[in-house]
Amino acid sequence: DGPCASMPYARDVNFVRVGAGAGDYAKAKGMMRRWSHFQLGWSEVTQDTGVEPGNLVCVCANVLGVWIRNPLRVVYKAEESKPARKNGDEGVKARLVFAHGCLAGHLLAGEESFVVERRDDDSVWYGIRTFSRPAHPLALVTYPAVRLLQRKFAVDSMRVMREGMAKE
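Draft legend 1. Up close: the pairing of strand S5 (residues 92-102). Here S5 lies mainly inside the structure; 9 of its 11 residues are buried. Taken together, the 9 bridges between strand S4 (residues 66-81) and S5 define a ladder with antiparallel strand orientation. Among the inter-strand pairings, Arg 73 is bridged to a residue of S5, identified as Gly 101. The pairing of S5 with strand S6 (residues 108-119) spans 9 bridges and is classified as antiparallel.

Draft legend 2. Structural detail: the nonpolar core. Val 18, Phe 114 and Tyr 126 are the most contacted members of the largest nonpolar core, which totals 30 residues. For this core, the secondary-structure elements that each account for two or more residues are strand S1 (10-20), helix H1 (21-33), strand S3 (56-63), S4, S5, S6, strand S7 (123-134) and helix H3 (143-166). If one sorts the elements of this core by residue count, H3 sits on top with 6 residues. Setting aside chain neighbours within four positions, we find Tyr 126 in contact with Asn 14, Phe 15, Val 16, Val 18, Met 32, His 37, Phe 114, Val 115, Val 116, Ser 157, Met 158 and Met 161. With 5 residues, the next largest nonpolar core counts Ala 10, Ala 139, Tyr 143 and Val 146 among its residues.

Draft legend 3. Looking closely at unusual backbone geometry. Of note, Trp 35 is a non-glycine position whose phi angle comes to about 60°, a positive value. You can see Trp 35 is positioned in the loop between H1 and strand S2 (43-44). Residue class for Trp 35 comes out buried when judged on its relative accessible area of 0%. The phi torsion at Leu 64 lies on the positive side, around 55°, for a residue other than glycine.

Draft legend 4. Structural view of the packing of H1 against H3. At a minimum axis distance of 10 Å, the contact between H1 and H3 shows a crossing angle of 130°. Between H1 and H3, the crossing angle belongs to the class labelled oblique. Helix-helix and strand crossings are classified by hand; for H1 and H3 the assignment is right-handed. Along its contact with H1, which presents Asp 24, Lys 27, Ala 28 and Met 31, the element H3 presents Val 160, Met 161, Gly 164 and Met 165.

Parameters and conventions
Residues numbered from 1 in each chain as written. Predicted model: local features only at pLDDT ≥ 70, side-chain atom pairs only at ≥ 80, totals over all residues. Heavy atoms only, no water. Buried < 20%, exposed > 50% of the residue type's maximum accessible area, 1.4 Å probe, protein only. Helix = DSSP H or I, 4+ residues; strand = E, 2+ residues; numbered from the N terminus. Pairing = 2+ DSSP bridges. Core = buried A, V, L, I, M, F, W, Y, C linked by side-chain atoms within 4.5 Å. Contact = heavy atoms within 4.5 Å. Axes fitted to C-alpha atoms, helices over the stretch in contact; angles between N-to-C directions. Parallel < 35°, antiparallel > 145°, perpendicular 65-115°, else oblique. Left-handed = near helix turned anticlockwise from the far one by under 90°.

In structure tokens:
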């Protein structure tokens, strides 16, 4: 799978509390379904893009003044109440999660999942879990900058979700 196939995947997990209660959980799910977590000014997804498995996604990102289109496909979606308890899932009473995976033409290989959880203490959390590695020589050469952009996306996405929840 190309010159980058032997590289290990970088893994990131980021969560932020965005609210509390059933109303905030419903609002956060609606924001995620409309891709609000991608409307960052420098990164965006058309808000009517579907979140069902098989839906195609195009993430447009402005990097140093150049708009780059990144092709992806939604690979899974789950909405659970009282999800099965796995490592790290203790205390979750409801969850919406969907993920997209990189397609040919994307600079990276990997997957990114987006999560809204309502925990047993009634708090509502938004999270991003990723694993990725370069899939193109350009991404390999600029990998430190790519990792910084991934961190910027996580920080900005969590901020947008917190701010969106605070409105109304």
